[in-house]
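Chain residues, written in single-letter form:
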Amino acid sequence: MILLVFLMLSCKNETKVEATFTSNTNDEVIELEIVDFSGLEKYLTTTTEKTYVVNFWATWCAPCIKELPYFEDLNKNYSDKNVEVILVSLDFPHVYETKLKPFITANNIKSKVVVLNDMDSNSWIPKVDESWSGAIPATLIFNNQTRKFFEKPFTYKELEYEINQFLK
Amino acid sequence: MYKLKTLVIALLISTVGMAQSGYKVGDIATDFKLENIDGKMVSLSDYVQAKGFIIIFTCNTCPFSVAYEDRINALNKKYESKGYPVIAIMPNNPETSPGDSMEAMQARAKAKGFSFPYLMDKNQEVYPQYGASRTPHVYVLEKTNKGNQVKYIGAIDDNYQHPDSVNQKYVEHAVDALLAGKPIKEAHTRAIGCTIKI
């Protein structure tokens, strides 16, 4: 594994982790999945038994960064309960290399990250949820039975409470 | 029992109804009295000549607000003389968001040459009345004999990243329609923005 990481590292030129981030032990190659809304739609619906937690965030959004560890914990602690967290970043393209990738590396983000780059937000915001005004953080929880949308920040306890409603 | 009921309803409204509260298109907006970066207090009623207002909840620290600074300035330059001045209101709590302190607002306005008032919603009472949920969040008001009527709520335009690639200038369309006495085609739009820091 170490060799593999070393090999992966040697064949790429990763940007340096910003000084504000404390850990940079896990330099991996990050390939961002950048999509427009039509590319995101497949992550917003399911026919399987799985419960998805889709969190809309950005590195510039302080309350998003605050709650991100809770989503990471949820993803880890509920993976055996058929729950998956997907983190949809709304960062601007010019910070993908300078901020987003270093952030993912420095914080050792394990959940799947998808980057949404779709300017026409007036069209796609209501397709995520009719009630969404566009403020982030925002979170969509769904399975093949129900969906719930939250335009608010979460604590871990609140997240766990909501996810348990879905797992009942 | 009544108290309990009220409490339950209040809780429900505060948790579920956040995004829906505030003004809708057609509502009459109440006036306010907020401190400008020059230390003076500003109210809508001060603008005797105005036909209406472009109220923009915005701040220093949100990248979307920053991306729109020049366009907000341009909006005021274009429409102030036509009777629709821009009034910017900073809704964040500077204790949670230190980059939005009065001093920081003054510095930003000076650096960017803001041609419009940049007010602080110090008690965070005005933005909830309007129902602003993010920055930037625009409310176009028209002066009517009933009061300042909300005519448009939403985004400035449809491209926060590239001003040159904008297809729909929502606010300009709305104000142009009001000036021409025509109906506004799109009176409510949405955009990604930063949550207001309480």
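Residues numbered from 1 in each chain as written. Chains lettered and ligands numbered in written order. Predicted model: local features only at pLDDT ≥ 70, side-chain atom pairs only at ≥ 80, totals over all residues.

**Observations concerning the overall build of chain A**
Part 1 of the reasoning: A count of helices and strands for chain A gives six helices and seven strands.
Part 2 of the reasoning: When the helices and strands of chain A are listed from N to C terminus, the series reads α-β-α-β-α-β-α-β-α-β-β-β-α.
Part 3 of the reasoning: Counting every position in chain A, which comprises 168 residues, the buried fraction comes to 30%.
Part 4 of the reasoning: A separation threshold of at least 6 residues defines the contact pool for chain A, and within that pool the share at least 24 residues apart is 71%. (Helix = DSSP H or I, 4+ residues; strand = E, 2+ residues; numbered from the N terminus. Buried ≥ 20, exposed ≤ 12 C-beta atoms within 10 Å, placed from the backbone. Contact = placed C-beta atoms within 7 Å.)

**What to know about the pairing of strand β4 (residues 52–57) of chain B**
Residue and element names in this part refer to chain B.
Part 1 of the reasoning: Within β4, six of the six residues are buried, which leaves it mostly tucked inside the rest of the structure.
Part 2 of the reasoning: Across six bridges, β4 lies against strand β8 (residues 137–144) in antiparallel orientation. When the bridges of β8 are listed, Ile 56 appears paired with Val 138.
Part 3 of the reasoning: Pairing between β4 and strand β5 (residues 86–90): four bridges, direction parallel. Its bridge partner lying in β5, Ile 56 is registered against Ala 88. (Pairing = 2+ DSSP bridges.)

**Looking at the sheet that holds strand β1 (residues 28–29) of chain B**
Two modes of strand pairing occur in sheets, parallel and antiparallel, and in both the strands are linked by backbone hydrogen bonds.
Part 1 of the reasoning: Spatial ordering of the open sheet is given by β1-β9-β8-β4-β5-β6-β2-β3 (chain B), a layout of eight strands whose pairing is mixed. Of all strands in the sheet, those with a lone pairing partner are β1 and β3 (41–42) of chain B, marking the two edges.

**So, the confidence of the model for chain B**
Residues shown with low pLDDT carry predicted positions that ought not to be read at fine detail.
Part 1 of the reasoning: Looking at chain B, pLDDT values average 92 and 90% of them are 70 or higher.
Part 2 of the reasoning: With pLDDT under 50 throughout, residues 8–20 of chain B is counted as low confidence; its partners more than four residues away or in other chains account for eight contacts. (pLDDT = per-residue confidence, 0-100.)

**Let's talk about the confidence of the model for chain A**
Part 1 of the reasoning: Looking at chain A, the pLDDT average stands at 87 and 83% of residues meet or exceed 70.
Part 2 of the reasoning: Note on residues 1–26 of chain A: pLDDT under 50 across the span, and 23 contacts to partners over four residues away in sequence or across chains.

**Regarding helix α3 (residues 62–77) of chain A**
Residue and element names in this part refer to chain A.
Part 1 of the reasoning: Taking 1.5 Å as the rise per residue, α3 with 16 residues should run 22 Å; its terminal C-alpha atoms sit 24 Å apart, in good agreement.
Part 2 of the reasoning: Taken residue by residue, α3 has Cys 64, Glu 67, Leu 68, Phe 71, Leu 74 and Asn 75 as its buried positions.
Part 3 of the reasoning: Residues of α3 that are buried make contact with β2 (51–57), β3 (83–89), β5 (135–136) and α6 (156–167). (Expected span 1.5 Å × (residues − 1).)

**Things to note about the environment of A:Asn77**
Part 1 of the reasoning: Turning to its location among the elements, A:Asn77 is positioned in helix α3.
Part 2 of the reasoning: Accessibility expressed as a C-beta count within 10 Å gives 13 for A:Asn77, which makes it partly exposed.

**What about the interface of chain A and chain B?**
Part 1 of the reasoning: Across the contact, 19 residues belong to chain A and 17 residues belong to chain B.
Part 2 of the reasoning: Contributing elements (two or more residues each) for the side of chain A that touches chain B: α5 (121–128) and β5 of chain A.
Part 3 of the reasoning: Considering each element in turn, the side of chain A that touches chain B owes the most residues, four residues, to α5(A).
Part 4 of the reasoning: Partitioned by chemical class, the residues of the side of chain A that touches chain B number 11 nonpolar, five polar and three charged.
Part 5 of the reasoning: As judged from the two bridges shared by β5(A) and strand β10 (residues 193–195) of chain B, these two strands associate in the parallel manner. Each residue of the ladder has a partner; that of A:Ala135, found in β10(B), is B:Gly193. (Nonpolar A, V, L, I, M, F, W, Y, C, P; charged D, E, K, R; others polar.)

**Notes on the sheet that holds β3(A)**
Residue and element names in this part refer to chain A.
Part 1 of the reasoning: Pairing within the open sheet is mixed, and its six strands lie in the order β1-β4-β3-β2-β6-β7. Of all the strands in the sheet, just β1 (33–35) and β7 (147–150) have a single pairing partner and so form its edges. For this sheet, the mean inter-axis angle between neighbouring strands, taken without regard to orientation, is 20°.
Part 2 of the reasoning: Of the strand pairs in this sheet, β3 and strand β4 (residues 112–116) are connected by four bridges, and their pairing is parallel. (Axes fitted to C-alpha atoms, helices over the stretch in contact; angles between N-to-C directions.)

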